[in-house]
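Remarks on the overall topology
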Amino acid sequence: MVLFVSQVVQAQAPRTEGWLSSPGIVGTMVLLAIVLFIAALIITAQVGRMLKETKDKRAARLAEAELSAEELARKKAARQYKLRGDELGGRAPAFDAKALVAKASSEPDNPLVEEKIYSRARLEVAPELQRVVVWYLAASVFWLVFGTLVGQYLGLKFVWPDLDGQAWLSFGRLRPVHTNTVFWGWASLAMIGLGYFVIARTSATRIFSYRLAWWGFGLINGSVVIGNLCLMAGINNGGGEYREYIWPVALLFALGLMITFRNFYGTVKRRTIPEIYVSNWYILAALVWTIVLATIGYLPWYQDGLGETVIQGYYMHMGVGMWFMTFSLGLTYYYLPSALNKPIYSYSLGVLAFWTQMLFYTLIGTHHFIFAPLPWWLQTVAIVFSVGMFIPVFAGTTNFLMTMRGSWSAIGKSYVLPFFLVGVVYYCVGSSQGSFQALRFTNHIWHFTDFNVAHSHMTMYGIITFLMWACMYALLPKVTGREPSQVLVGAHFWLAFIGLFAYTVSLMAGGTVKGLAWMEGVPFIETVIATRGYWAWRAIGGSLMFLSHLLFAWNFYCMVRKPRAVTQHAALEPQMA
Amino acid sequence: MIDLHKDQANLVNISLLVFALLSTGIAVAPALHLQDNNAPLPGMPKMTAQERRGLAVYVAEGCMGCHTQQVRNIEMDKTWGARPSIPSDYYYSKQRMNVWQQSPSLLGSERTGPDLTNVGQRQASEAWQMLHLYDPRMVVKGSVMPRYGWLFQTVDSAAVQSGDVVLPVTGEQLGAPGKKVVATQKAKDLVAYLLSLKQAPLPSGVQADAFLPSPGADGKPLPAAAVEAGLPDGGAIFSQVCAACHQPDAKGLPGAFPALAGSPIVNEESPAKMIDIVLGGYDARPEFGPMPPQAANLSDAEITAVINHVRSSFGNNAPPATQEAVRSQRAVIAPETIAE
């Protein structure tokens, strides 16, 4: 009999000294550097502006020293000039005939940071559409706070495993509550809500049916509520990631998608302009693909034995790629150019990215099961097309960055654009990192470790969530006419960004340490103990992220609440209606 | 000519069609093929009804969130099984569970806890499994696994019935004097399932796929003493096999698992008794959980190595055993395990 222990003991320990120079690792390091570089860019832009102001002042002082006595006297007189105090007063009412003054205030809103530009135009939106958008987004914000509260609690359990002894709060049951809530509750409802606006706006028509919109709202929210209750009660579909809801619950969600598709398609069909804007390509396709995906994921006839594993790899990857990524890209193709007030850099690059997204993304699900007992050809196809993903990713990134080009100074002056910038950069970084992780060597080190968790947060949070925030901050003030506090938006941004960075870097480092230790044959429990410190940092990063969501929820409330009676201060603000 | 920029019906139809075709090729067809071309290994026992119920508990508690069940065909996974997993291994366990629940996703994607492919072999002690579920940190100090207290009941000592599985710890240790902790049916089912997790042997004559060496792999030198005796590393075997119950410092767990440090049996001049216990198991002392036999799990050389490690470490000091002694005892105690 072959005895397993003998092999443990006589195992050929892999040599891991050269790991730092392997392509996947180097690639990931470069990607991390890109994120840091962008953060540095935003900060240096701000600091540089302040320094320049100081320098200008000093230069003016130096120039003064070289002036002749006469000039000096003139300058002195100029300095001593005092207003009488009634120049701008007078009794006649002031009138800004060309509406050049956006805002007049004698007291700035905050003394600490530069004020950002206020949302200029208010869009005319049908009140029914406004209600649909606001309610979808409100529900999504609720699920974001709830889902990340659960996530934060789970993160703490790595540090304090004995936090509670309740069955329905145990790690195994709550983990899918966290993932499914942020997937189907937060991101999905946010995307559909934002999509309703895009689809009506770019088709220059009204929504096909508001009633259908409310049906979709009820079905999707219902599936998340019932699904989570089931999971906490220990009822799940079989533990496959993102299809933990049993099929009757998932069916509610799928019906919600079908209704949404019907509604979007009907709206596009009655558009009053001949072309279908590229956003709508992505949005319609995301809905169609996800309906197919849910069907394939839940039909039973090919899922016994390892058939289930093939479907699992396909389903979990396509769930992210064909639903969240595709839909979010569609939204970005509308909201980013509209926030910059200029057209997308290249329309045809967007179309190229669309088709390559479909071709390459669909084929790479098995890269979640590299070295598993699945057919080797399936694994190789997945790896090859994972690398192929560079094409749609770079096409998309280039398109967005080139659209932003020439408007960099606008980033410092806007509270919306930094969210877009982070989302786009993470789109490039997170997706490329995923491709690197699919390579067999990096998979060797990272698979099964906490690195996976870092990757999924880089993508679902760094890309999707940041883009959703960008779109919401871009859209809501224009629709409701109410802006959030700029300081709180800034706090939201930096807490989320720094939190995400701490979260991902700690888990990437911890995952690498763990994977290398496994390769060297270190006893398992020692690698668990060695990860403790990284888990603590993850919990800290997660806390910052969660805190930022509370701020975001408040900002959201400020953007959508009913206007109060006009006060003195509010009367001074530009009313864009 | 189709103009997708203006023709929403064809845009949607083409997206749907191409995606459905790709999905069929990359997912549905391979899945169907794998499902239909699969059979159990000849030596694989069918799952009992109790093991199936245990699997249902495993799924309900989301164990696959942290535990994989796949030995990949790479060197580093040798810790978890004698051979890489093959599709047949999942023939019985990965079947649709019922109308509501699909075939369980047992392979998993995270190894926050150890792989469980072979846990029934590695940790064959029911007492250990029970205690570990009740409070993982009682038996594994650094563990971050949740406690599954709701799978157990605390009852008065008097109320314990015959046939109950009572945890091998006293009420005082649990902070509840006069009480006993007994396993619920769910805990018994789950442990039955876990203990059934063993890699089935391949039919004789069939060679398992080799493990792929890790990039740049080279040999790791054995400790000098082990090389001298021509034996494997006893310390490594101890931490793999024995330390879970007897603890890494060999001091045991009072009331559950006996200490090996300073144990009279370990320190006996003749290793015969110790060899007997390791080969055939031991359940003579009611205050401790039973020791599972290791004859089928370890070779003569490995048993010799680990016995010598224990007899010369943890403050113990007894002369080494020889492989011959182990071999002759095996012929008496467990002749069915003698390698061909």
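Residues numbered from 1 in each chain as written. Chains lettered and ligands numbered in written order. Predicted model: local features only at pLDDT ≥ 70, side-chain atom pairs only at ≥ 80, totals over all residues.

This part covers the overall build of chain A. Secondary structure assignment for chain A yields 19 helices and 0 strands. Counting only residues that meet the buried cut, chain A has 50% of its 577 residues in that class. Here the analysis covers contacts within chain A between residues at least 6 apart in sequence; of these, 85% occur between residues at least 24 apart. (Helix = DSSP H or I, 4+ residues; strand = E, 2+ residues; numbered from the N terminus. Buried ≥ 20, exposed ≤ 12 C-beta atoms within 10 Å, placed from the backbone. Contact = placed C-beta atoms within 7 Å.)

Each helix and strand in chain B was counted, giving 12 helices and 2 strands. Of the regular secondary structure in chain B, the N- to C-terminal order runs α-α-α-α-α-β-β-α-α-α-α-α-α-α. Across its three principal directions, the C-alpha atoms of chain B cover 95 × 55 × 35 Å. A buried classification covers 46% of the 340 residues belonging to chain B. Restricting the contact set of chain B to residue pairs at least 6 apart, pairs at least 24 apart contribute 69%.

Taken together, the contact between chain A and chain B spans 83 residues of the former and 91 residues of the latter. Sorting the residues of the side of chain A that touches chain B by element identifies helix 1 (4-9), helix 5 (171-203), helix 7 (247-269), helix 8 (278-298), helix 9 (307-340), helix 15 (440-446), helix 17 (486-519) and helix 18 (524-560) of chain A as the ones contributing at least two each. Residues belonging to the side of chain A that touches chain B are distributed by class as follows: 50 nonpolar, 24 polar and 9 charged. (Nonpolar A, V, L, I, M, F, W, Y, C, P; charged D, E, K, R; others polar.)

Residue and element names in this part refer to chain A. Between helix 5 and helix 8, whose axes approach to 10 Å, the crossing angle comes to 135°. Considering their axes alone, helix 5 and helix 8 lie oblique with respect to each other. For the pair helix 5 and helix 8, the sense of crossing is left-handed. Side by side, helix 5 and helix 8 meet where Gly195, Val198, Ile199 and Thr202 of the first sit next to Ser279, Asn280 and Ile283 of the second. Classifying every residue of the contact of helix 5 with helix 8 gives 3 nonpolar, 4 polar and no charged. (Axes fitted to C-alpha atoms, helices over the stretch in contact; angles between N-to-C directions. Parallel < 35°, antiparallel > 145°, perpendicular 65-115°, else oblique. Left-handed = near helix turned anticlockwise from the far one by under 90°.)

All names here are of chain A. The phi torsion at Tyr242 lies on the positive side, around 70°, for a residue other than glycine. Its place among the elements puts Tyr242 in the loop between helix 6 (210-232) and helix 7. Positive phi values are uncommon outside glycine, yet Asn341 reaches one of about 60°. Its location among the elements puts Asn341 in the loop between helix 9 and helix 10 (347-361).

It is worth spelling out the domain arrangement of chain B at this point. Along its sequence, chain B is carved into domain 1 (1-37), domain 2 (49-195) and domain 3 (224-337). The C-alpha-based centres of domain 1 of chain B and domain 3 of chain B are spaced at 60 Å. (Domains from an automatic or database assignment.)

Looking now at the packing of helix 5 of chain A against helix 9 of chain A. When two helices pack together, you describe them by how their axes are tilted relative to each other and by the distance separating the axes. All names here are of chain A. In contact at an axis separation of 10 Å, helix 5 and helix 9 are set at 40° when each is read in the N-to-C sense. As the angle between them shows, helix 5 and helix 9 are arranged oblique. Crossing of helix 5 against helix 9: the hand is left-handed. Counted together, Ala187, Met191, Leu194, Gly195, Val198 and Thr202 of helix 5 and Phe324, Phe327, Ser328, Leu331 and Tyr334 of helix 9 form the full contact between these two elements. Taken together, the residues of the contact of helix 5 with helix 9 sort by class into 8 nonpolar, 3 polar and no charged.

In this section: helix 10 of chain A. For helix 10 of chain A, with 15 residues, the first-to-last C-alpha span of 21 Å sits near the 21 Å given by 1.5 Å per residue. Three or more residues of helix 10 of chain A are buried, namely Gly350, Ala353, Phe354, Gln357, Met358, Phe360 and Tyr361 of chain A. Structurally, helix 10 of chain A contributes buried residues whose contacts are with helix 8, helix 9, helix 11 (376-388) and helix 12 (390-404) of chain A together with helix 1 (8-36) of chain B. (Expected span 1.5 Å × (residues − 1).)

Next up on the list: the environment of Thr332 of chain A. Residues and elements named next belong to chain A. Structurally, the position occupied by Thr332 is in helix 9. With 27 C-beta atoms packed within 10 Å, Thr332 lands in the buried category. Along the primary structure Thr332 and Leu174 are separated by 158 residues, whereas in three dimensions their C-alpha atoms are 32 Å apart. Not counting residues within four places of it along the chain, the set of residues in contact with Thr332 comprises Phe400 and Leu467.

Across its 34 residues, helix 9 of chain A extends 47 Å between first and last C-alpha, which sits within 8% of the 50 Å expected from 1.5 Å per residue. Of all bends in helix 9 of chain A, the biggest is about 35°, found at Met318 of chain A. (Bend = angle between axes of the 7 residues up to and from the residue.)

All names here are of chain B. Counting buried residues in strand 2 (residues 179-183) gives 4 out of 5 residues, a clear majority hidden from the surface. Relative to strand 2, strand 1 (residues 152-156) runs antiparallel, the two being bridged by 5 bridges. Pairing of Gln153 across the sheet is with Val182, part of strand 2. (Pairing = 2+ DSSP bridges.)

On to the environment of Pro201 of chain B, then. Residue position: Pro201 of chain B is located in the loop between helix 6 (185-195) and helix 7 (224-229). Here the alpha-carbon distance between Pro201 of chain B and Met44 of chain B, two residues 157 residues apart in the chain, equals 7.9 Å.

Residue and element names in this part refer to chain A. Overall, the prediction assigns chain A a mean pLDDT of 88, with 90% of residues at 70 or greater. Predicted confidence in chain A is weakest over helix 1, with a mean pLDDT of 37, and strongest over helix 6, with 98. Across residues 1-15, confidence stays below pLDDT 50; counting only partners more than four residues off in sequence or on other chains, it has 52 contacts. When the criterion is pLDDT under 50, residues 565-577 qualifies, and its contacts beyond four places in sequence or with other chains add up to 13 contacts. (pLDDT = per-residue confidence, 0-100.)

Moving on: the environment of Leu359 of chain A. Tracing the sequence through the fold places Leu359 of chain A in helix 10. C-alpha of Leu359 of chain A to C-alpha of Leu287 of chain A: the two residues are 72 residues apart in sequence and 16 Å apart in space.

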